[in-house]
Every structure is written in structure tokens, then in C-alpha cells.
Amino acid sequence: MESASLTSLTNLFPCASPSPICRCPSELKKIRPARRSKASSLKATCGLSRRRAVSELVVLGAVALSMPAQAAMLEPDITRYRKLDSGVILEDVVDGEGPEARDGDLVQFNYVCRRANGYFVHSTVDQFSGESKPVTLPLGGEEMIRGLKDVIIGMKAGGKSTALIPPEVGYISETLKPIPEEFGPRRSLLSHAKEPLVFEVQLLKVL
């Protein structure tokens, strides 16, 4: 599944006055830069990894929620993130053009689940072959985890969203879905049930 690309964080809070740790540009010229190995130089030029990008969603979402006015003034992209009543931090990545999902609808979707630090947990799309096994679940009742239900309700078919789901509205029960059928992925997912989880969701159909 095509993953959502997240913008890099800029320095939102530059130092206002010089200190032994944070120096102004004129002072930095006097400091002889430390020698860096070829390996570290190559690493510095690499783009953001998916793991770091997901971690930045967590950091950026936290900044947007704790300092909404100041953060929005310094970094306009933060306005893409919003907090739902359930505590879910949501980013609308792609607006769909199909029917809108409503409470009680039967929906089909693909997802990638990661830990808040970016480590992969499970996906309905095979990372190597690209083959997908979409999940079909009702938005009514108590079958789906509440946080994911809150994300999908209001999405339109073809839309994509990325959400940080707190454990209180996540897998509070082992019977909640979506959950892998295979033992290994299931155990991996449930072992992180008490942590915030990041879901990248693509709504395919409203049935």
C-alpha cells in the first residue's frame, strides 16, 4: 500500500540567547568542526526513514495539541493534524472522492499498523509482493477498535489517513478487530496493545 509521506520537522523553538550548549552563528565559526567518518556523512545525507517519519507524526501531533496557536503560527503544516474526541491524533493524507463512510456502514480497507516509534507491526499489504488482503468490517457495533472506527467514519472511498491511536481506544480486548489471523503477527500486535499505535488507512469501498 502506498504509504503516506510526512514532512520533516523544522526547529520550532530556536534558542533566543547564546549558552554553552546553543551558540550563535558567529560563535560557531570559531569552533573547529569534529571530524566525521565517511559512513556518518553518508548517513546524514539519507532521507527520512519510514520509522523516523512515523515518529515525527507523534512529535508533531503532540506539539500541535499542546501549543495549537503558537505552533500553527510557526509551522503552517501543523494544521493538517487534529485531535478527535476519543484522543486519536489524525492526519487526512488524501481526500477520497467516493461515498462517505458513516456509522453502521460495512467498509473495506487496507491498513499498515506500526508502533509509535515507527517499528512495523502488521499490514494487509505484503511488503514484498504488493499483494493485498483488505479487511471488511462493520462500523456499527463493537467489533472494531474504537480508535480506528473514529478514523474511518467521515472518510470517503479512495481516501487515506494516518492516525495515532491511544491504547484506551485500541486493543482493549483480544477479540477486537482488525487483527491478523496468523499466530506470529497476532502475538506481535497484542504484545503492543498497551502502547499507542499508528495506523495508515486506505478506505477502498463503502459497501
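In the block above lies the structure referred to throughout.
Residues numbered from 1 in each chain as written. Predicted model: local features only at pLDDT ≥ 70, side-chain atom pairs only at ≥ 80, totals over all residues. Heavy atoms only, no water.

Peer 1: Go over the overall build of the protein with me, naming the residues and quoting the values.
Peer 2: Tallying secondary structure elements over the protein gives six helices and seven strands in all. From first element to last, N terminus to C terminus, the protein shows the α and β order α-α-α-α-β-β-β-β-β-α-β-α-β. Burial status across the protein gives 36% buried among its 207 residues. For the protein, the proportion of contacts with a sequence separation of at least 24, taken over those separated by at least 6, is 76%. Summed over all atoms, the accessible surface of the protein reaches about 12,600 Å², with 54% contributed by carbon and sulfur. (Helix = DSSP H or I, 4+ residues; strand = E, 2+ residues; numbered from the N terminus. Buried < 20%, exposed > 50% of the residue type's maximum accessible area, 1.4 Å probe, protein only. Contact = heavy atoms within 4.5 Å. Areas by Shrake-Rupley, 256 points an atom, 1.4 Å probe, with all protein chains shown as cover.)

Peer 1: Describe the side chain of Arg114, listing the residues and the values that go with them.
Peer 2: The residue Arg114 is located in strand β3 (residues 106-115) in this model. Taking relative accessible area as the criterion, Arg114 reaches 5% and is therefore assigned buried. Within the local environment of Arg114, its side chain forms a polar contact with the side chain of Glu200, the two groups lying 3.2 Å apart. (Polar contact = N/O pair within 3.5 Å; in protein donor to acceptor, adjacent residues only side chain to side chain.)

Peer 1: How would you summarise empty space enclosed by the protein if you had to cite specific residues and measurements?
Peer 2: Summed over the entire model, instances satisfying the criterion amount to two cavities of 30 Å³ or more. Its boundaries defined by the atoms lining it, the second largest cavity holds a volume of some 40 Å³. What lines the second largest cavity is simply Ile145, Ile165, Pro166, Pro167, Gly170, Tyr171, Ala193, Glu195, Leu197 and Phe199. When its residues are assigned to classes, the lining of the second largest cavity shows eight nonpolar, one polar and one charged. (1 Å grid on protein atoms, 1.4 Å probe; cavity = no way out; pocket = protein on both sides within 12 Å on 5 of 7 lines; lining within 4 Å. Points joined across faces, edges and corners; volume = space filled by probe spheres on them. Nonpolar A, V, L, I, M, F, W, Y, C, P; charged D, E, K, R; others polar.)

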